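Breakdown of the fold
Here is how the chains run, residue by residue.
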Amino acid sequence: MQFYGLFEKIINYIPDSFTIVREYIYIALPFVLMACALFTAFFGLKCAGLWCAATFFGIGTSLTAYYILPAVNYNDVMFWIMGGVCLLVGILCAYFSKYLFRAQLVVSNFALVYASLPAFIVFLGDIPSKIVSAIVAGAMAFLNIKYKYLFVLLTTSFSGSFIFWEVIENRYNIKYTFVYAIIMGVLAFAFQCYMNRKQIKDTYKDVKKKYKKTKDEGEKIITKLEDEFEKEKEKLSHHNNNDEMNQTEIDYEKEESACEKE
């Protein structure tokens, strides 16, 4: 998980005088992530606005904290003031993200896939796994533009499941979590499909309508091209007939001229 290590680094910036706070956060973080992952996997589309806002809040807060907190050696009071600034930035990111409209969903989908996939393809290597994850996340985000409901269901179901089982693996050292994540992702996807059957039906109708429109436009283009081809064929045929008539007249004139000479 790309952001889990980031959270751990941020937690390490908590001053030593607040060791007990840091320990409690370390204990609570996996359970918070698992709860959020379960919520995303089974109720991703129903509460899309909420988890989109949460994604932007997490991005804004974590990145700000990552770059601000270690910049200077803060005393205890200043640390918490800057921590409050990081939270404020996260809140502002979450609030203003709603004005991004569909881009909000695209960015959130990208972040979810990119955060959850690399841990399960780590056998490719650190850099290749991140590149592959970025490509897959970009493709899912792009497809989300055209097929909103279907790919939100896919992204939230499997990303939530992957994140949940990755936390389980890191905390309890359980093997074969990828298999469990796939099974849970399928179940979560089926559950969300049932819960959001109306939206899926609307998506199917929309896809069918777009397919029919594309097919009709294609047939119109083909018909137009065939008509133009026939017209060009007729022009060419007419031109050839004129050439033959002209050639016949020329031959006739030559014959007449030859007869006159004789």
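Okay, so let's go over this structure. This one's a predicted model, so the numbers in the text were calculated from it and none came from an experiment. (Residues numbered from 1 in each chain as written. Predicted model: local features only at pLDDT ≥ 70, side-chain atom pairs only at ≥ 80, totals over all residues. Heavy atoms only, no water.)

Considering the overall build of the protein
When helices and strands are counted, the protein shows nine helices and zero strands. Listing the helices and strands of the protein from first to last along the sequence gives α-α-α-α-α-α-α-α-α. Burial analysis of the protein (262 residues in total) assigns 30% to the buried set. Residue pairs at least 24 apart in sequence account for 74% of intrachain contacts in the protein once pairs closer than 6 positions are excluded. Total accessible area on the protein stands at roughly 17000 Å², and carbon and sulfur atoms take up 67% of it. (Helix = DSSP H or I, 4+ residues; strand = E, 2+ residues; numbered from the N terminus. Buried < 20%, exposed > 50% of the residue type's maximum accessible area, 1.4 Å probe, protein only. Contact = heavy atoms within 4.5 Å. Areas by Shrake-Rupley, 256 points an atom, 1.4 Å probe, with all protein chains shown as cover.)

Concerning a negative patch on the surface
A grouping of Glu226, Asp227, Glu228, Glu230 and Glu232 is seen on the molecular surface, where their side chains present a negatively charged patch. Structurally, Glu226 is set in helix H9 (residues 197-261). With relative accessibility at 48%, the residue Glu226 sits in the partly exposed group. (Patch = residues over 30% accessible without salt bridge, like charges linked within 9 Å, V, L, I, M, F, W, Y side chains within 5 Å. Salt bridge = Lys/Arg side-chain N within 4 Å of Asp/Glu carboxyl O. Lys, Arg positive; Asp, Glu negative; His and termini not counted. Charge placed at Lys NZ, Arg CZ, Asp CG, Glu CD.)

Re the packing of helix H2 (residues 19-43) against helix H8 (residues 177-195)
In the contact formed by H2 and H8, the axes pass within 7 Å of each other and the chain directions differ by 50°. Regarding the angle of H2 to H8, the classification is oblique. Between H2 and H8, the contacting residues are Leu38, Thr40, Ala41, Phe42 and Phe43 on the first element and Met184, Ala188, Phe191 and Gln192 on the second. Partitioning the contact of H2 with H8 into residue classes produces seven nonpolar, two polar and no charged. (Axes fitted to C-alpha atoms, helices over the stretch in contact; angles between N-to-C directions. Parallel < 35°, antiparallel > 145°, perpendicular 65-115°, else oblique. Nonpolar A, V, L, I, M, F, W, Y, C, P; charged D, E, K, R; others polar.)

Things to note about unusual backbone geometry
It is generally the case that most residues other than glycine have a negative phi and that most peptide bonds are trans. Notably, Tyr176 is not glycine yet its phi reads approximately 60°, a positive angle. In this fold, Tyr176 is placed in the loop between helix H7 (148-172) and H8. The exposed category is assigned to Tyr176, whose relative accessible area is 63%.

Brief notes about the environment of Glu23
Its location among the elements puts Glu23 in helix H2. Taking the C-alpha atoms as reference points, Glu23 and Asn12, separated by eleven residues in sequence, lie 9.9 Å from one another.

Brief notes about the packing of aromatic side chains
As enumerated under the stated definition, the model contains nine aromatic pairs in all. When the centroid spacing of 5.8 Å and the interplanar angle of 70° are considered together, the rings of Phe42 and Phe191 count as edge-to-face. Placement of Phe42 in helix H2 and of Phe191 in helix H8 is noted, with a sequence separation of 149 residues between them. When its relative accessible area of 25% is taken as the criterion, Phe42 is described as partly exposed. Their ring planes at 80° and their centres at 5.1 Å tell us that Tyr95 and Phe96 sit as a pair that is edge-to-face. Assessed through its relative accessible area of 47%, Phe96 is described here as partly exposed. Taken together through their ring pairs, the aromatic side chains of Phe39, Phe42, Phe43 and Phe191 make up a single cluster. Positioned above the aromatic ring of Tyr194, the side-chain terminus of Arg197 is 4.4 Å from the ring centre. (Phe/Tyr/Trp six-rings, centres within 6.5 Å; stacked < 30°, edge-to-face > 60°. Lys NZ or Arg CZ within 6 Å of the ring centre and 35° of its normal.)

Notes on the side chain of Ser97
Mapping Ser97 onto the fold places it in helix H4 (residues 76-97). A polar side-chain atom of Ser97 sits 2.7 Å from the main-chain carbonyl oxygen of Ala94. Those residues in contact with Ser97 that lie beyond four places of it in its chain are Ala53, Phe56 and Gln104. (Polar contact = N/O pair within 3.5 Å; in protein donor to acceptor, adjacent residues only side chain to side chain.)

Here's the deal with helix H3 (residues 48-68)
Every α-helical turn comprises 3.6 residues, leaving residues that sit three or four positions apart pointing alike. Here H3 spans 30 Å end to end across 21 residues, near enough to the 30 Å set by a 1.5 Å rise per residue. Within H3 the residues assigned to the buried category are Ala48, Trp51, Cys52, Thr55, Phe56, Gly60, Thr61, Ser62, Thr64 and Ala65. (Expected span 1.5 Å × (residues − 1).)

Focus: the nonpolar core
In this structure, Trp51, Leu69, Leu105, Phe164 and Trp165 are the most contacted members of the largest nonpolar core, which totals 33 residues. The set of elements that each furnish at least two residues to this core consists of helix H1 (2-12), H2, H3, H4, helix H5 (102-116), H7 and H8. No other element matches H7, which puts eight residues into this core. If we ignore the near neighbours within four places in the chain, the residues touching Phe164 are Met34, Ala37, Leu38 and Met184. (Core = buried A, V, L, I, M, F, W, Y, C linked by side-chain atoms within 4.5 Å.)

Some words on a nonpolar patch on the surface
Nonpolar side chains collect at one region of the surface, where Ile20, Tyr24, Ile27, Phe31, Tyr172, Ile174, Tyr176, Val179, Tyr180, Ile183 and Leu187 lie side by side and expose about 1200 Å² of accessible area between them. Among the elements of the structure, H2 and H8 are those that each provide at least two residues to the nonpolar patch.

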